[in-house]
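Structural characterization, general
For reference, the chains in residue letters:
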Amino acid sequence: QVQLVESGGGLVQAGGSLRLSCAASGRAFSSYAMGWFRQAPGKEREFVATIDWAGRRSYYADSVQGRFTISRDNAKNTVYLQMNSLKPEDTSVYYCAQAKPAYYGISRHEYDFWGQGTQVTVSS
């Protein structure tokens, strides 16, 4: 069974930075793309960023492009999300997800395992 455990969330002022981590276990981490999604109260879960299995390709939502960076360390079975220049509208629960075999995309339906989420709150 795959387990994904996020950490690194918290409260930060606008303009600040946070680094989220997601530790994975249960299947060959280096064989799967990984993604980050977020969900604010009353809103649907939305795509944030994704990275392919080797860490060579990444893709971002327009809302975070240039501010967030996704990366992975396959030796540590961990994916990261570096978030800079944070804005109040980035406030959400952030979820790590592992893609289905051979998938690399922005749809929730392309991911079959999810973490429990970590809260990020950005104050103005």
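Located above this text is the structure these notes cover.
My aim in this report is to walk through the structure given alongside it, one point at a time. (Residues numbered from 1 in each chain as written. Predicted model: local features only at pLDDT ≥ 70, side-chain atom pairs only at ≥ 80, totals over all residues. Heavy atoms only, no water.)

**Focus on the packing of aromatic side chains**
Enumeration according to the criterion identifies 5 aromatic pairs in this entry. Taking the centre distance of 5.8 Å and the plane angle of 75° together, the rings of Phe37 and Phe47 count as edge-to-face. One end of the pair, Phe37, is in strand S4 (residues 34-39); the other, Phe47, is in strand S5 (residues 46-51), with 10 residues separating them in the sequence. Each member of the pair Phe37 and Phe47 is classed as buried. Between the aromatic rings of Phe37 and Tyr111, the centroid separation amounts to 5.1 Å while the plane-to-plane angle is 80°, which identifies the pairing as edge-to-face. On the criterion of sequence distance, the pair formed by Phe37 in strand S4 and Tyr111 in strand S10 (residues 111-114) is long-range, its members being 74 residues apart. On the basis of relative accessibility, which here comes to 4%, the residue Tyr111 falls in the buried class. Through a chain of ring-to-ring contacts, the aromatic side chains of Phe37, Phe47, Tyr59, Tyr111 and Trp114 assemble into a single cluster. Here the guanidinium or amino end of Arg19 rests over the ring plane of Tyr80, the centre of that ring lying 4.0 Å away. Against the face of Tyr95 rests Arg45, its NZ or CZ located 3.6 Å from the ring centre. (Phe/Tyr/Trp six-rings, centres within 6.5 Å; stacked < 30°, edge-to-face > 60°. Helix = DSSP H or I, 4+ residues; strand = E, 2+ residues; numbered from the N terminus. Buried < 20%, exposed > 50% of the residue type's maximum accessible area, 1.4 Å probe, protein only. Lys NZ or Arg CZ within 6 Å of the ring centre and 35° of its normal.)

**A closer look at the side chain of Arg38**
With respect to the secondary-structure elements, Arg38 resides in strand S4. The class of Arg38 is buried, set by a relative accessible area of 4%. A polar contact of 3.4 Å, which involves the side chain of Arg38, links it to the side chain of Ser63. Side-chain polar atoms of Arg38 contact the side chain of Asp90, separated by 2.9 Å. The residues touching Arg38, leaving out its near neighbours within four places in the chain, are Glu44, Arg45, Glu46, Val48, Ser63, Val64, Phe68, Glu89, Asp90, Ser92, Val93 and Tyr94. (Polar contact = N/O pair within 3.5 Å; in protein donor to acceptor, adjacent residues only side chain to side chain. Contact = heavy atoms within 4.5 Å.)

**What to know about unusual backbone geometry**
Phi at Asn77 is positive, roughly 55°, even though this residue is not glycine. When you line up the elements, Asn77 lands in the loop between strand S7 (68-73) and strand S8 (78-83).

**Some remarks on the state of the cysteines**
This structure, assessed with the given rule, holds 1 disulfide. Residue Cys22 pairs covalently with Cys96 via a disulfide, S to S 2.1 Å. Judged by the sign of its S-S torsion, about -70°, the bond between Cys22 and Cys96 is left-handed. In this pair, Cys22 is assigned in strand S3 (residues 18-25) and Cys96 in strand S9 (residues 92-99), connecting sequence segments 74 residues apart. Looking at Cys22, the relative accessible area reads 0%, which means it is buried. What makes Cys96 buried here is its relative accessible area of 0%. (Disulfide = S-S within 2.5 Å.)

**Considerations on the nonpolar core**
Core analysis: the largest hydrophobic core is formed by 32 residues, its most contacted members being Trp36, Val79, Leu81, Met83 and Tyr94. Looking at this core, the elements that each hand over two or more residues are S3, S4, S5, S7, S8, S9 and strand S11 (118-123). Contacts of Leu81, omitting those with residues within four sequence positions, involve Leu18, Arg19, Leu20, Trp36, Val48, Ala49, Phe68, Thr69, Ile70 and Tyr94. (Core = buried A, V, L, I, M, F, W, Y, C linked by side-chain atoms within 4.5 Å.)

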